[in-house]
Amino acid sequence: MKALVELRDFEGLDQFSKSKRSPIGYEPFVRHLIEKGHSKEAIPFVARCDSPKRADLYADCGDWSLAGKECKERNDKNKLE
């Protein structure tokens, strides 16, 4: 995962993530991409993360629209505010 991010092979990273179920989950993909400055590329991986964490991860990616939508779908009024 880290090597593909370093190479900026985001298509390869997506294919790698879909090749089989990730034993570490998908949050590490999101966190590493954000850490390396690729927030936009991290957004597709957020949907594969555990639902209670999605709103925060979307916010970490800078996508407040998707974060709000996730809060609305989960009926999480506290996070929505």
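Since this is a predicted model, take the numbers as computed values, not measurements.

1. Looking at the environment of Glu70
Take Glu70: it is sitting in helix H6 (residues 64-74). A sequence separation of 60 residues divides Glu70 from Phe10, and the C-alpha atoms of the two residues are 24 Å apart. Residue contacts for Glu70: discarding those within four places in its chain leaves Ser51, Arg54, Ala55 and Tyr58.

2. Brief notes about the packing of aromatic side chains
Inspection of the entire model under this criterion finds three aromatic pairs. Here the aromatic rings of Phe29 and Phe45 are separated by 5.4 Å at their centres, their planes lie at 25 degrees, and the arrangement is stacked. Taken together, the positions of Phe29 in helix H3 (residues 27-35) and Phe45 in helix H4 (residues 39-46) put the pair 16 residues apart, joining distant regions of the chain. An aromatic cluster of at least three residues, connected via ring pairs, comprises Phe16, Tyr26, Phe29 and Phe45. The ring of Tyr26 carries the charged tip of Arg48 above its face, separated from the ring centre by 5.6 Å.

3. Here we look at the pattern of salt bridges
Enumeration according to the criterion identifies eight salt bridges in this entry. Taking the shortest distance from any N to any O, the salt bridge between Arg48 and Asp14 comes out at 2.8 Å. Of this pair, Arg48 sits in the loop between H4 and helix H5 (51-61) while Asp14 is found in helix H2 (residues 10-19), placing the two residues 34 residues apart along the sequence. Taking relative accessible area as the criterion, Arg48 reaches 28% and is therefore assigned partly exposed. The partner of Lys53 in a salt bridge is Glu27, and the shortest N-O contact between them spans 3.0 Å.

4. Here we look at the nonpolar core
Residues Leu13, Val30, Leu33, Phe45, Val46 and Cys61 are the most contacted members of the largest nonpolar core, which totals 17 residues. Secondary structure elements with two or more residues in this core: helix H1 (2-6), H3, H4 and H5. Excluding residues that lie within four positions of it along the chain, Leu13 makes contacts with Met1, Leu4, Val5, Phe29, Leu33 and Phe45.

Cut-offs used in this document
- Residues numbered from 1 in each chain as written.
- Predicted model: local features only at pLDDT ≥ 70, side-chain atom pairs only at ≥ 80, totals over all residues.
- Heavy atoms only, no water.
- Helix = DSSP H or I, 4+ residues; strand = E, 2+ residues; numbered from the N terminus.
- Contact = heavy atoms within 4.5 Å.
- Phe/Tyr/Trp six-rings, centres within 6.5 Å; stacked < 30°, edge-to-face > 60°.
- Lys NZ or Arg CZ within 6 Å of the ring centre and 35° of its normal.
- Salt bridge = Lys/Arg side-chain N within 4 Å of Asp/Glu carboxyl O.
- Buried < 20%, exposed > 50% of the residue type's maximum accessible area, 1.4 Å probe, protein only.
- Core = buried A, V, L, I, M, F, W, Y, C linked by side-chain atoms within 4.5 Å.

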